[in-house]
Amino acid sequence: DAGVTQSPTHLIKTRGQHVTLRCSPISGHKSVSWYQQVLGQGPQFIFQYYEKEERGRGNFPDRFSARQFPNYSSELNVNALLLGDSALYLCASSWFSLRDRAYQPQHFGDGTRLSIL
Amino acid sequence: AQSVAQPEDQVNVAEGNPLTVKCTYSVSGNPYLFWYVQYPNRGLQFLLKYITGDNLVKGSYGFEAEFNKSQTSFHLKKPSALVSDSALYFCAVRGDGGATNKLIFGTGTLLAVQP
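Values in this document were obtained by computation on a predicted structure and should not be read as measured data. (Residues numbered from 1 in each chain as written. Chains lettered and ligands numbered in written order. Predicted model: local features only at pLDDT ≥ 70, side-chain atom pairs only at ≥ 80, totals over all residues. Heavy atoms only, no water.)

J.: What am I meant to see in the nonpolar core here?
T.: Buried together is how nonpolar side chains tend to be arranged in soluble globular proteins. B:Trp35, B:Leu47, B:Leu48, B:Phe74, B:Leu76 and B:Tyr89 are the most contacted members of the largest nonpolar core, which has 27 residues in total. For this core, the secondary-structure elements that each account for two or more residues are strand S2 (10–14), strand S3 (19–21), strand S5 (33–38), strand S6 (44–50), strand S8 (64–68), strand S9 (73–78), strand S10 (87–94) and strand S12 (109–114) of chain B. No other element matches the 4 residues that S10(B) contributes to this core. Listed in part, the 22 residues of the second largest apolar core include A:Leu11, A:Val19, A:Leu21 and A:Phe60. (Core = buried A, V, L, I, M, F, W, Y, C linked by side-chain atoms within 4.5 Å. Buried < 20%, exposed > 50% of the residue type's maximum accessible area, 1.4 Å probe, protein only. Helix = DSSP H or I, 4+ residues; strand = E, 2+ residues; numbered from the N terminus.)

Dropping the structure here:
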């Protein structure tokens, strides 16, 4: 089975530009989360979407936005890029267990490496 | 607020020796705890989780973790380290009491296994 796929793998932008990152979850997973991982740090939560609705938002400015499509794939958009947005952006998918009444462990893609010049 | 701490930036161990990677947590309510591993230029791979039940949790690749409520710790262990275990290890706790799927990660511990 295919894992979580992200595109593109690498991206170079300049300050002030905008970027769109894409994520396809594992088949059957309806929850998609986005994380930002700055070099030398742990991932920081940006958004979670479940069934096309935003379910959680981290402490990121409004320049960051996301959406989830009917096929459960997702996009992360970042406007007015800053040098500090340079990072590895990770997408993770999961499913909700009605039996356990809890989300199951997240599976991560290999990320998009975004460099801002 | 929920948080995790990984007190060691790096752990060095010889191949064949047991390894321990430390994690302590701070949560309100019941902790949902996880360990993930990250290889260079890759995403995170799930190793194991603690939700409830036995304090010793077994996971992938021979790893296990010991949950200790009194010490608020969730240390990752393996009886015999392999060179291929060398990677960056993250402890995480589920934030927001489980209402969302938000994970709060520690700063990571680099495990170096020498042949």
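Continuing now.
J.: Looking at this model, I keep getting lost on the pattern of salt bridges. Mind explaining?
T.: Pairing of side chains with opposite charge becomes possible as their charged atoms draw close. All names here are of chain A. Going through the model one piece at a time under the given rule, you end up with 10 salt bridges over all chains. Taking the shortest distance from any N to any O, the salt bridge between Arg67 and Glu75 comes out at 3.3 Å. In the salt-bridge network here, residues are joined through shared partners; they are Arg22, Arg67 and Glu75. (Salt bridge = Lys/Arg side-chain N within 4 Å of Asp/Glu carboxyl O.)

J.: I keep staring at the interface of chain B and chain A and nothing clicks. Help me out?
T.: Quoted interface sizes are often the accessible area lost when the parts come together. Residue-level contacts link 20 residues of chain B with 23 residues of chain A. Here chain B meets chain A over a buried area of about 1700 Å², counting both sides, of which 53% is carbon and sulfur. Among the residues of chain B in contact with chain A, B:Leu44, B:Asn101 and B:Phe105 are the three that bury the most area, contributing 30% of the side total. There are 1 salt bridge connecting chain B and chain A. In this structure, B:Arg42 and A:Asp110 form a salt bridge, with 3.0 Å as the shortest nitrogen-oxygen distance. Counting across the chain B and chain A interface gives 10 residue pairs in polar contact (both at pLDDT 80 or more). For the side of chain B that touches chain A, the secondary structure elements donating two or more residues are S5, S6, S10 and strand S11 (103–105) of chain B. Among the residues making up the side of chain B that touches chain A, the classes are represented as 9 nonpolar, 7 polar and 4 charged. (Contact = heavy atoms within 4.5 Å. Buried area = accessible area lost by both parts, 1.4 Å probe. Polar contact = N/O pair within 3.5 Å; in protein donor to acceptor, adjacent residues only side chain to side chain. Nonpolar A, V, L, I, M, F, W, Y, C, P; charged D, E, K, R; others polar.)

J.: Explain the state of the cysteines to me, please; I cannot follow it from the model alone.
T.: Covalent bonding between the sulfur atoms of two cysteines defines a disulfide. Applying the stated criterion across every chain yields a total of 2 disulfides over all chains. Between A:Cys23 and A:Cys91 runs a disulfide, and the two sulfur atoms are separated by 1.8 Å. Judged by the sign of its S-S torsion, about -65°, the cystine formed by A:Cys23 and A:Cys91 is left-handed. Remark: A:Cys91 occurs in strand S9 (residues 87–94) and A:Cys23 occurs in strand S3 (residues 19–24); sequence separation between them is 68 residues. The pair formed by A:Cys23 and A:Cys91 is uniform in burial state, with each residue classed as buried. One disulfide in the model links B:Cys23 with B:Cys91; its S-S distance is 2.0 Å. With the S-S dihedral at roughly -60°, the linkage between B:Cys23 and B:Cys91 falls on the left-handed side. In this pair, B:Cys23 is assigned in the loop between S3 and strand S4 (24–26) and B:Cys91 in strand S10, connecting sequence segments 68 residues apart. For B:Cys23, a relative accessible area of 0% gives the class buried. (Disulfide = S-S within 2.5 Å.)

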